[in-house]
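Residue-level listing of the chains:
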Amino acid sequence: MDSEGSNPGKPTSKNPQESRRLSIQRCVQSVMHACECRSASCSLPSCQKMKRVVQHIKGCKRKTNGGCPVCKQFIALCCYHAKHCQENKCSVPFCLNIKHKLRQQQIQHHLQQAWLMRQKAPQHTPDTTAHLPDTTLTP
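Cut-offs applied
- Residues numbered from 1 in each chain as written.
- Predicted model: local features only at pLDDT ≥ 70, side-chain atom pairs only at ≥ 80, totals over all residues.
- Heavy atoms only, no water.
- Helix = DSSP H or I, 4+ residues; strand = E, 2+ residues; numbered from the N terminus.
- Expected span 1.5 Å × (residues − 1).
- Buried < 20%, exposed > 50% of the residue type's maximum accessible area, 1.4 Å probe, protein only.
- Arc of directions from axis to C-beta.
- Contact = heavy atoms within 4.5 Å.
- Axes fitted to C-alpha atoms, helices over the stretch in contact; angles between N-to-C directions.
- Parallel < 35°, antiparallel > 145°, perpendicular 65-115°, else oblique.
- Nonpolar A, V, L, I, M, F, W, Y, C, P; charged D, E, K, R; others polar.

Student: What am I meant to see in helix 1 (residues 16-36) here?
Tutor: In an α-helix, one full turn covers 3.6 residues, which means residues spaced three or four apart are oriented alike. Taking 1.5 Å per residue as the helical rise, helix 1 with its 21 residues ought to reach 30 Å, and the 30 Å between its terminal C-alpha atoms agrees with that figure. Within the sequence span of helix 1, burial applies to Ser-23, Cys-27, Val-28, Ser-30, Val-31, Ala-34 and Cys-35. Looking straight down helix 1, one finds that the buried residues subtend no more than 155° of arc, so they occupy a single side. Against helix 2 (45-59) and helix 3 (69-84) lie the buried residues of helix 1.

Structural data, given as structure tokens:
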């Protein structure tokens, strides 16, 4: 699901991780464009390809158990997109569901962290007499 090979107008990176990140970003941008594009004759080569992938996703029966490599890769792109998406009504498939799931995971993580902090906190029993003045009588 590469975004139509090398693009001479785009900067390339010699760092493989940076190159991979840029490639993923180009694919995500292609997905976003294809999901919003209504032109049947769009001039972007990646648009028609991504529109076909989106159509495949909608009809694929193997995606539910991770058996389809096309669906698996597309869903990974959608996850990458959803982590950064700020739209309330995003047209990218699965985006809203993924964002909801990410928020739930974040809440769960915060709750676990709070629970761990309470477990680590020293269990003091307050000394109620420490703040009272000494009233013992000496003979």
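Student: Honestly, the packing of helix 1 against helix 2 in this entry has me stumped. Any pointers?
Tutor: Think of two packed helices as two axes; the pair is described by the angle between the axes and how far apart they sit. Closest axis-to-axis distance for the helix 1/helix 2 pair is 8 Å, and the angle between their directions is 75°. Here helix 2 runs roughly perpendicular to helix 1, going by the angle between their axes. The segment helix 1 lies against helix 2, with Cys-27, Ser-30, Val-31, His-33, Ala-34 and Cys-35 engaging Ser-46, Cys-47, Met-50, Lys-51 and Val-54. In terms of residue class, the contact of helix 1 with helix 2 is built from seven nonpolar, three polar and one charged.

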